[in-house]
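Descriptive analysis of the structure
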Amino acid sequence: MEPLLEVRNLVTKFKTDAGIVYAVNGISYSLARGESMAIVGESGSGKSVGVLSLIKLIPVPPGRIDDGQVIFKGRDLLTLAPEQLRKVRGKEISMVFQDPMTSLNPVLTIGLQLTEALEEHEHISRAAARKRSVEMLELVGLPDAENRLNDYPHQFSGGQRQRIGIAMALACKPDLLIGDEPTTALDVTIQAQIVELMKELQKELGMAFIWITHDLGVVADLVEQVAVMYAGFIVELASVDDLYHRPGHPYTLGLLESIPNIEGKEERLIPIEGRPPDLHQEPRSCPFAPRCRYVIDRCREAVPPLEEHSGHQIACFRAEEIQDAQRDPVKLAALVTPAKQAAKAAVARSDAPSARQKVLVKVENLKQHFPIRRGIIQRQVGAVRAVDGLDFEIYQGETLGLVGESGCGKSTTGQAILQLLKPTAGRVYFKDKELTGASKKDIRAARRDMQMIFQDPYASLNPRMTVGSIIGESLRIHNIGDRSSRQERVEQLMALVGLNPNFINRYPHEFSGGQRQRIGIARALATNPAFIVADEPIAALDVSIQAQVVNLLDDLRHEMGLTYLFIAHDLSMVRYISDRIAVMYLGRIVELGEGDSIFVQPLHPYTQALLSAIPIPDPDRASRRQRIVLEGDVPSPANPPSGCRFHTRCAYATEICRREDPQLRSFGNGLQHVVACHHAEQFV
Amino acid sequence: MSAHSTTVIDDELTSEFGVIKAESPAEKAWQRFRRHPLALTGLILITIILVLTIAAPLIDRYPPSQLALADKFQKPSASHWFGTDRVGRDIWSRTLHGGRVSIVVGVSAALVSTIIGVIFGALAGYYGGWVDGLIMRFTDIVMTFPRVVIILTVATFLGQNILNLILLISLFGWMSTARLVRGQVLSIREEQFVQAVRSLGAGDMTIIFRHIMPNVIAPLLAAVTFAVNEAILLEAGLSFLGIGVPLPTPSWGNMLETARSLDVLQFGVWMWMPPALFILITVLSINFIGDGLRDALDPRHIA
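Residues numbered from 1 in each chain as written. Chains lettered and ligands numbered in written order. Predicted model: local features only at pLDDT ≥ 70, side-chain atom pairs only at ≥ 80, totals over all residues.

Observations concerning the overall build of chain B
- Within chain B one finds 15 helices and zero strands.
- Judged by the C-alpha coordinates and their principal axes, chain B covers about 80 × 55 × 30 Å.
- Split into buried and exposed, the 303 residues of chain B put 40% on the buried side.
- Put simply, of all contacts in chain B between residues at least 6 apart along the chain, 69% involve residues at least 24 apart. (Helix = DSSP H or I, 4+ residues; strand = E, 2+ residues; numbered from the N terminus. Buried ≥ 20, exposed ≤ 12 C-beta atoms within 10 Å, placed from the backbone. Contact = placed C-beta atoms within 7 Å.)

Some points on the nonpolar core
- Counting residues in hydrophobic clusters, the biggest one holds 261 residues, and the most contacted among them are A:Ala167, A:Val219, A:Val226, A:Ile234, A:Val235, A:Phe566 and A:Val583.
- Among the elements that take part in this core, helix α5 (residues 91-127) of chain B stands out by supplying 13 residues, more than any other. (Core = buried A, V, L, I, M, F, W, Y, C linked by C-beta atoms within 7 Å.)

Things to note about the sheet that holds strand β7 (residues 176-180) of chain A
Residues and elements named next belong to chain A.
- What the eight strands build is an open sheet, ordered β6-β7-β8-β3-β9-β10-β12-β11; its pairing is mixed. A strand with exactly one partner marks an edge of an open sheet, and here the two such strands are β6 (93-96) and β11 (307-309). If you compare each strand with its neighbour and ignore which way they point, the axes differ by 20° on average.
- Bridge analysis of β11 against strand β12 (residues 312-314) gives three bridges, and the strand direction is antiparallel. Looking across to β12, one finds that Glu308 is bridged to Gln313.
- Strands in contact with helix α6 (residues 158-170) are β6 and β7; relative to β6, the strand with the most contacts, it is inclined by about 175°. (Pairing = 2+ DSSP bridges. Axes fitted to C-alpha atoms, helices over the stretch in contact; angles between N-to-C directions.)

Observations regarding the sheet that holds strand β4 (residues 63-72) of chain A
All names here are of chain A.
- In space, the four strands of this open sheet follow the order β2-β1-β4-β5, with antiparallel pairing throughout. Where the open sheet ends on each side, the last strands, each with one partner, are β2 (19-31) and β5 (75-76).
- The pairing of β4 with β5 spans two bridges and is antiparallel. For Ile71, the partnering residue across the bridge sits in β5 and is Asp76.

Considerations on the environment of A:Glu273
- One can find A:Glu273 in the loop between α9 (250-257) and β11.
- Spatially, the C-alpha atoms of A:Glu273 and A:Ser544 are 8.1 Å apart, while their sequence positions differ by 271 residues.

Overview of the packing of helix α9 (residues 175-188) of chain B against helix α12 (residues 217-241) of chain B
All names here are of chain B.
- The N-to-C vectors of α9 and α12 enclose an angle of 180°; their axes lie 10 Å apart at closest approach. Comparing the axis directions of α9 and α12 gives the class roughly antiparallel. Contact with α9, carried on its side by Thr177, Leu180, Val181 and Gln184, involves Pro219, Leu220, Ala223 and Ala227 of α12 and no other residues of that element.
- Among the residues forming the contact of α9 with α12, the class breakdown is six nonpolar, two polar and no charged. (Parallel < 35°, antiparallel > 145°, perpendicular 65-115°, else oblique. Nonpolar A, V, L, I, M, F, W, Y, C, P; charged D, E, K, R; others polar.)

Some words on the pairing of strand β14 (residues 379-395) of chain A
- Sheet topology places strand β13 (residues 359-374) of chain A next to β14(A); 13 bridges connect them, and they run antiparallel. Each residue of the ladder has a partner; that of A:His369, found in β14(A), is A:Arg385.

A short note on the environment of A:Gly389
Residues and elements named next belong to chain A.
- Turning to its location among the elements, Gly389 is positioned in strand β14.
- For Gly389, a count of 15 C-beta atoms within 10 Å translates into the label partly exposed.
- Separated by 113 residues in sequence, Gly389 and Pro276 place their C-alpha atoms 43 Å apart.
- Contact partners of Gly389, with chain neighbours within four places excluded, come to Asn365, Lys367 and Arg588.

Points about the packing of helix α14 (residues 467-477) of chain A against helix α15 (residues 483-496) of chain A
Residues and elements named next belong to chain A.
- One can describe the packing of α14 onto α15 by two numbers: an axis separation of 9 Å at closest approach and a directional angle of 120°. One way to sum up the angle between α14 and α15 is to call them oblique. α15 is crossed by α14, and the crossing has right-handed handedness. Together, Gly468, Ile471, Gly472, Leu475 and Arg476 of α14 and Arg486, Gln487, Arg489, Val490, Leu493 and Met494 of α15 make up the contact between the two elements. (Left-handed = near helix turned anticlockwise from the far one by under 90°.)

Structural notes on the confidence of the model for chain B
Residue and element names in this part refer to chain B.
- Chain-level statistics for chain B give a pLDDT mean of 81 and a share of 91% at 70 or above.
- Counting contacts from residues 1-21, a segment whose pLDDT is below 50, to residues more than four positions away or on other chains yields 32 contacts.
- This complex was scored by the predictor with a pTM of 0.80 and an ipTM of 0.73. (pLDDT = per-residue confidence, 0-100.)

A closer look at unusual backbone geometry
Residue and element names in this part refer to chain A.
- Of note, the phi angle at Asn479 is positive, near 55°, even though the residue is not glycine.
- With respect to the element layout, Asn479 can be found in the loop between α14 and α15.
- Located in the positive-phi region is Asn528, a residue other than glycine, with phi close to 55°.
- Structurally, the position occupied by Asn528 is in the loop between α16 (513-525) and β19 (531-535).

In structure tokens form, the structure reads like this:
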């Protein structure tokens, strides 16, 4: 049968002032009618550009499609006249974009935006178009669709907006739907909703779709084929089961190895060393060679072609050897290039169990409300209860993971502990001294001992200061040492976090994302603090870099005896690095306990849902497990539900949940495991 | 080449070859400035003008205010390079001496007004709330003052001299800088790196002047060069009205004033052209230097 889409040797370049960017370097694949495929890659891998080039959606100039054919239903889209191509876009091939906040026009009603494509392509009446729009919105599970057509995008939540985006893309019943990271901007529970929705839609409508993502886990039980891209090349293309079980390209293998296994945490993560490729050079050798553990001389001489190796298409000279190892660490270790032996496979973690004796940070009934003011005299009309009554302790030497979805108050908690915000109520003790209510001077002095690592490695470094002055700033502020001893200390710190101390006079923009995050870590360590709040320290990094940074944090903790509050939404990483985990929902802690006991026996329905929404990079396990897909969205923290805050989305909610606010209760065998749920007994 | 580009350092490679310690930030800034042809031209021109005006007493050939009625209204010649004015004073000499006054007035008024503007703007933008309200309403009020009329009035009280002129020009010229700085600070204080230094324990003044202000430097430099130009021109305008620099002291402004009469404008081009040209060159040079500085101080800029 003739494929629906056949891409042959597609080449896309960007001509910029800094030279040519080789974004897509000759990719080929085909897709049958009704087939689904994922394109997986990190930023700069060319995954989006490659797909946008299909329907010429890349900006020209600076972009240019240099070569290739895109045969779609028998014609080459690249040679089509603009007028005809326009008829393909939106009708036969449609797209769903990453950010549901910006991909809808904020000043037009969703009804107008939905009917637009229909009127344009199908030439049907406005009434008919509206009717079809309502059908589509119902199909994607938007409640009360008829009445909401006249609403504007801001009146919907992020998850709802992405549903609307999908409805728009489906309106003309396309043959091919392209999702460009459609769930990346969403919370895990909402991501799970959208993935389920896509599965149903494909069953129902039978269209083909391409799902672009950076997360191998998300697509494991969603698509049939996976193409892995690196530096503008497809390096491996296989059916989803094959790819996960017998990866043949070292990059695919590296991606799989750098994701923590949620069933255990004994093994140290194996990061992909080095940094993302520079796309300014014309590729003449294997683009992954500089970072590859299995590199041989041949890899540096020619670009390996994409070739068939037992069912996979792989672009690697050593594909067969690696495939045969079947992810077995011992067999793989034998294949590692001698020069790279040092960084070889699976090192057991030096996980000294922290003696839990001394409380370092103690939080009592912490509340952080942000007033909502209205009118000319700015009268307070309400408050966003970002953090609403927290009690917990952090022990010396442990890592406490704090997880929850966006808006649950986890970052606010970190800032309130460090007194970067002035808590509305409650007390925070650090080393038995009360911070809340301490004088400004005392708090500033205390900051020597408690530091923060920020999420965004771009925004958190002053672009006008050299790396040396950024890292040494806290020494200067606290008058530690003189100029030369400070410089010495900065150089030490740079070496400690794996940066070349010779770069002390460079500016942040000269470093890659992962290196910048190391700068942020060095800055936090400068004054030898006892306690560090890490606020989503890896969320902005590429998958292959995340493992590097997590390993660094883990090593530093053991070397320097640090205590972390590790804030994140990625549960598998939190499990990996944390001793204990606290789960937050709408400003409250709903469950807190040992990482193992939370993962093995989650006692709160919300924790259960969160855990079941973790993308598992293994198609067998992903399809075996029971997914608890939460309905609806997180309610507004300005107006939290009565009783148990989770009852509006909880499958187990009963009358008492609506009335009474559950308190944290202790469970388990002597170890701390507390949960705030009226029905927790039934999960024990 | 692009204005901004990201060059990522290859850690692995460079460390193996043991790179020489990178140049200091100041050296790098000078490298960037040097590669800016207009800025370099501006720097050379302004240096020449400064040397000429500072050395004026040494190289003038007649005292600037020496009357020589016999030589009045002469075209440029070997004895009077730029000619003479209607009372026979040497234009070359007056232009050099006039530059001293105009540049001092222009640069100091611009500096003082910028300092006032930066302080008000930074405080308003950083603290927000009632501090912001108070400062900005005050700014609005000062802005509604008819500047020339007030300077005219006050100058008659305080007396006409250069110091008063500088103070008056700057006291009524800081408002746009304050607004500009406030807007910039308002957005930069929300950046994560500001929160980062706060979490290190930095005080407000460190945050404002060490961390935020360098990020305001680009628009601020543009504002400063405008302020210099404006002050020089305002001095000229006030002198034109007769309340600027008191005669017989020459300034470029009060020399231009002579062009008020039609026959000088038409038939005595040499009398007003030199100060006009010097103002033009000075103003342009300062603009170019400002441009160059903006790029030089931006570490992301690649020349």
